[in-house]
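Chains, contacts and geometry: an overview
The residues making up each chain are set out below.
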Amino acid sequence: GRVVWVYMGPAERMPELPEFEWSCLPDDRVAATKRLQECNWAQALEGGVDSSHISLLHSNLADAGEGNFGAPRDDFNRTDRHPVFHVKQTGYGMLIGARRDAGDDEYYWRITQCLMPFYTMIPPQMSGRDTARSPYGGHAWVPIDDENTWTWSFGVHPHRPFTPAEYKLTASRTGRWGPIDENYRPLQNRGNDYLIDREDQRTRSFSGIAGVPNQDAGIQESMGAICDRTREHLGASDIAVIEWRRRILTMAKALADGVEPTEPHDGAACNVRPASLLLDRDIEFQAGAGTMLAGVAGE
């Protein structure tokens, strides 16, 4: 998938490479890049599993579209800003469903994939009733040290090659996850207040910061490199964050007792996708999404 993979543990216990769909498809269907994030990796990842923030942080009055790959510009995100979360534990991590009202008979579901310990996949923007044929994207939140993170971002179109414009948008330094400099540091960063435009914030957008990744970083980094979580009061919209913390702490405590995590040893389990779709209210979201959540790696 145009990414160099490195294993840093004992040779005799080397796990399988993860069979992410995007890492197994032809190069013309995959794009990857990275950017520096100046905060703890877990803090950054928690923003990635929170589907409720998109209705506020990434909103603007004009509501001009920004394409696919999870750009939060659709009617359901705008009209119901209070999603109800459902989290299912899986062998690889968590399946996170965020449910919004879509009329009297249906729900709109955004389904995020979280693969332990630090991968997330973003629900695509919906066209029609579902995203079965849509491109999607995601991140690997790789720690550099306690206070800095490499945010690897990937985009994939499982069903056809990217057009030149789509590839440039996804993989270039000025594209969807940019702009970044030659060292992968964002040009909009905490040192310049993310180039926040107060007039734009007053008249057009919620944040006044241009670009979805810069809006995310502005929130995640401005807490401080390591947020003091003892001051938090988590609520219903934080269920995915709560469940992820429980799982990563359980894994860490088990490792301290000499029990290694099982997730890295099942590479095939990573062959999954995120999804967005409309479902009748009486249909359970995982069952309703069905094969939409499965990748095609290895075909």
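Everything that follows concerns the structure shown earlier in this document.
Report on the accompanying structure.

Cut-off values and rules
Residues numbered from 1 in each chain as written. Predicted model: local features only at pLDDT ≥ 70, side-chain atom pairs only at ≥ 80, totals over all residues. Heavy atoms only, no water. Helix = DSSP H or I, 4+ residues; strand = E, 2+ residues; numbered from the N terminus. Rg over C-alpha atoms; globule rule 2.2 N^0.38 Å. Buried < 20%, exposed > 50% of the residue type's maximum accessible area, 1.4 Å probe, protein only. Contact = heavy atoms within 4.5 Å. Areas by Shrake-Rupley, 256 points an atom, 1.4 Å probe, with all protein chains shown as cover. Lys, Arg positive; Asp, Glu negative; His and termini not counted. Charge placed at Lys NZ, Arg CZ, Asp CG, Glu CD. Patch = residues over 30% accessible without salt bridge, like charges linked within 9 Å, V, L, I, M, F, W, Y side chains within 5 Å. Salt bridge = Lys/Arg side-chain N within 4 Å of Asp/Glu carboxyl O. Core = buried A, V, L, I, M, F, W, Y, C linked by side-chain atoms within 4.5 Å.

**Here we look at the overall build of the chain**
- Summing up its helical and strand segments, the chain has nine helices and eight strands in all.
- Compactness check: the chain gives a C-alpha radius of gyration of 19 Å against a globular reference of 19 Å for 299 residues, within 12% of the reference.
- Referenced to the eigenvectors of the C-alpha coordinate spread, the extents of the chain come out at roughly 60 × 50 × 45 Å.
- Per-residue burial over the chain gives 49% buried out of 299 residues.
- In the chain, 64% of the contacts between residues at least 6 apart in sequence involve partners at least 24 apart.
- With the model as given, the accessible surface of the chain reaches about 14,500 Å², and the carbon-plus-sulfur share is 54%.
- Looking at the chain, you have 31 positive and 43 negative side-chain charges, and the mean spots of the two groups are 3 Å apart.

**So, a negative patch on the surface**
- A contiguous patch of negative charge on the surface is contributed by D104, D105, D280 and D282.
- Mapping D104 onto the fold places it in the loop between β3 (93-101) and β4 (106-115).
- Residue D104 is classed as exposed on the basis of its relative accessible area, which comes to 74%.

**With respect to the nonpolar core**
- Formed by 46 residues in total, the largest nonpolar core has its most connected members in I111, L115 and W244.
- Not counting residues up to four positions away in its chain, the partners in contact with L115 are F20, Y92, M121, A269, C270 and V272.

**A short note on the environment of E19**
- Residue position: E19 is located in the segment before α1 (21-24).
- Overall, the relative accessible area of 32% leaves E19 in the partly exposed class.
- For the pair E19 and D101, spaced 82 residues apart in the sequence, the C-alpha separation amounts to 34 Å.

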